[in-house]
Amino acid sequence: MDTNKRPDTMARIQTKEQADEFIKIQVEEVRKQVGDKKVLLALSGGVDSSVVAALLIKAIGKQLVCVHVNHGLMRKGESENVIEVFKNQLDANLIYIDATDRFLSKLEGVYEPEKKRKIIGNEFIVVFDEEARKLDDIDFLAQGTIYPDILESDGVKAHHNVGGLPEEMKFELVEPVKLLYKDEVRVVGKALGLPEEMVDRQPFPGPGLGVRCLGAITRDRLHALREADAILREEFDKCGLAKKVWQYFIAVPDFKSVGVKDDKRYEGWPAIIRAVNTKDAMTATIEEIPYDILHKITNRITNEVEGINRVLLDLTPKPVGTIEWE
């Protein structure tokens, strides 16, 4: 039996009762798999890893060691939110690591998207391995893999979370939500009692802003991307689009165009808005954004974010375009 293939008879998880039953089964499976050993989890703060963390805390408590790595590719305020929810509210066994310089130095001058993904994923594994060596009885690595990641891992993109485990690593994988679609993961998260703002949070790729800062990553362009993305999210919250749109973000390419600021010509990057709706991440449609909102977002970004002088709107559905640019 292929454990990475969703059975045709598996019903969609849409209700709390279905989610409770799924949780009960997974808690038993995790306890059976893990025993009295410890599990290491990359806790990004995204929906998938957060739901896995809550599920494993329910199953094995302090045997779960959550490691939040700030790789310098997080959205604005992301790391602070992870610490607040999991350490302060859920009393998780949480280790925080600021590895910004470490990741960005390895990514310097790297243009190719899949190579960036692999570098970020492999460095994550190295960081976890280092942390595991500081701890006793770490035999398992938990991941927030979901079913679309498995379906797209062959020929579309590298593994969503870690880019593949090195053969020499002795961790066994724990992937309790790997047969679920994103909407099902959210239902499970709500049943587990996670905060609504975390469960309904839009998806965020494992490589973070590394695949939205297009081409070779530079610190100045990464900073501009982070600030522009924060403005987009703030304005979507204000106008109600945050609850209507499945995923929305800014991508910033590595080329410049001529603009005008303070009556002088200057070169700046474009900020590309992408806003899509989907049920399962396999296909996606474009959300129509009212022009008054687009004008407000454009005005704020071009006036408040150093280095950005244009705002563009991506109107490409999936297929033909993937949700992420890289």
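This text follows the structure it describes.
Residues numbered from 1 in each chain as written. Predicted model: local features only at pLDDT ≥ 70, side-chain atom pairs only at ≥ 80, totals over all residues. Heavy atoms only, no water.

A. Representation of the overall build of the protein chain in the model. Within the protein chain, the regular secondary structure consists of 10 helices and 10 strands. Taken over the C-alpha trace, the protein chain has a radius of gyration of 20 Å; the compact-globule value for 326 residues is 20 Å, and the two agree within 12%. Its C-alpha atoms put the protein chain at 65 × 40 × 40 Å along the principal axes. Within the protein chain, the fraction of its 326 residues that count as buried is 54%. Relative to all contacts within the protein chain whose residues are 6 or more apart in sequence, the contacts with residues 24 or more apart total 77%. With an accessible surface of roughly 15600 Å², the protein chain has 49% of that area assigned to carbon and sulfur atoms. If you average the places of the 47 positive and of the 56 negative side-chain charges in the protein chain, the two averages end up 1 Å apart. (Helix = DSSP H or I, 4+ residues; strand = E, 2+ residues; numbered from the N terminus. Rg over C-alpha atoms; globule rule 2.2 N^0.38 Å. Buried < 20%, exposed > 50% of the residue type's maximum accessible area, 1.4 Å probe, protein only. Contact = heavy atoms within 4.5 Å. Areas by Shrake-Rupley, 256 points an atom, 1.4 Å probe, with all protein chains shown as cover. Lys, Arg positive; Asp, Glu negative; His and termini not counted. Charge placed at Lys NZ, Arg CZ, Asp CG, Glu CD.)

B. Structural detail: the packing of helix α2 (residues 47–60) against helix α7 (residues 182–191). The interhelical angle for the contact between α2 and α7, taken along N-to-C directions, is 40°, at an axis separation of 10 Å. Classified by the angle between their axes, α2 and α7 sit oblique to one another. Seen along the crossing, α2 lies across α7 with a hand that is left-handed. Every residue of α7 that contacts α2 at Val-47, Asp-48 and Val-51 is listed here: Lys-182, Val-185, Arg-186, Val-188 and Gly-189. Classifying every residue of the contact of α2 with α7 gives 4 nonpolar, 1 polar and 3 charged. (Axes fitted to C-alpha atoms, helices over the stretch in contact; angles between N-to-C directions. Parallel < 35°, antiparallel > 145°, perpendicular 65-115°, else oblique. Left-handed = near helix turned anticlockwise from the far one by under 90°. Nonpolar A, V, L, I, M, F, W, Y, C, P; charged D, E, K, R; others polar.)

C. Main features of the nonpolar core. Core analysis: the biggest nonpolar cluster contains 49 residues, and Leu-40, Val-69, Phe-236, Ile-250 and Ile-301 have the highest contact counts within it. Dropping the residues within four chain positions of it, Leu-40 is found in contact with Val-65, Val-67, Phe-128, Ala-132, Leu-135, Ile-138, Phe-140, Leu-141, Ala-142 and Phe-171. Judged by nonpolar contacts, the second largest core, of 38 residues, contains Val-51, Ala-53, Cys-66 and Val-199. (Core = buried A, V, L, I, M, F, W, Y, C linked by side-chain atoms within 4.5 Å.)

D. Local environment of the packing of helix α1 (residues 16–34) against α2. Packing of α1 against α2 brings their axes to within 9 Å, and their N-to-C directions diverge by 65°. By the angle between their directions, the pair α1 and α2 is classed as roughly perpendicular. Like other packed secondary-structure pairs, α1 and α2 cross with a definite hand, here right-handed. Along its contact with α1, which presents Ile-23, Gln-26, Val-27, Val-30, Arg-31 and Val-34, the element α2 presents Leu-55, Leu-56, Lys-58, Ala-59 and Ile-60.

E. Here's a closer look at the layout of surface pockets. Estimates place the volume of the largest pocket at around 880 Å³. Around the largest pocket, the lining comprises 27 residues; the ones closest to its centre are Glu-197, Asp-200, Arg-201, Gln-202 and Ala-242. Residue assignment for the lining of the largest pocket shows that the elements contributing at least two residues are α3 (78–89), α7, α8 (196–199) and α9 (219–239). Sorting elements by how many residues they give to the lining of the largest pocket places α3 first, with 5 residues. For the second largest pocket, the calculated volume is near 520 Å³. Forming the walls of the second largest pocket are 19 residues, and the residues nearest its centre are Gln-26, Glu-29, Glu-175, Pro-176 and Leu-179. At the level of secondary structure, the elements contributing two or more residues to the lining of the second largest pocket comprise α1 and β5 (172–174). A total of 8 residues in the lining of the second largest pocket trace back to one element, the largest contributor, which is α1. Per-class residue counts for the lining of the second largest pocket are 10 nonpolar, 3 polar and 6 charged. (1 Å grid on protein atoms, 1.4 Å probe; cavity = no way out; pocket = protein on both sides within 12 Å on 5 of 7 lines; lining within 4 Å. Points joined across faces, edges and corners; volume = space filled by probe spheres on them.)

F. Broad picture of the sheet that holds strand β4 (residues 138–142). With respect to topology, 5 strands assemble into an open sheet ordered β3-β2-β1-β4-β5, the strand pairing being parallel. What marks the edges here is a single partner per strand, and that holds for β3 (94–98) and β5. Taken pair by pair, the neighbouring strands of this sheet meet at an average axis angle of 30°, ignoring direction. Note: strand β1 (residues 38–42) against β4, 4 bridges, orientation parallel. In the sheet register, Lys-38 faces β4, and the bridge partner there is Ile-138. On top of the sheet, α2 reaches β1, β2 (64–70), β4 and β5; it is set at about 165° to β1, its chief contact. (Pairing = 2+ DSSP bridges.)

G. Region of the structure containing the pattern of salt bridges. Throughout the structure, instances matching the rule amount to 28 salt bridges. Here Arg-102 ties to Glu-123 by a salt bridge, and the two come within 2.5 Å at their closest N and O atoms. Of the two residues, Arg-102 is situated in helix α4 (residues 100–107) and Glu-123 in helix α5 (residues 113–133); the sequence distance between them amounts to 21 residues. The exposure class assigned to Arg-102 is partly exposed, which follows from its relative accessible area of 29%. (Salt bridge = Lys/Arg side-chain N within 4 Å of Asp/Glu carboxyl O.)

H. Broad picture of the pairing of strand β8 (residues 264–277). Of all the 14 residues making up β8, 10 are buried; the element is thus mostly covered by neighbouring parts of the structure. Note that strand β6 (residues 247–251) and β8 share 5 bridges and pair antiparallel. In the sheet register, Gln-247 faces β8, and the bridge partner there is Val-276. Summarising the sheet, strand β7 (residues 257–261) and β8 pair through 5 bridges and their orientation is antiparallel. Bridging from a neighbouring strand, Gly-259 pairs with Tyr-266 of β8.

Functional significance is not addressed by these values, which are geometric in nature.
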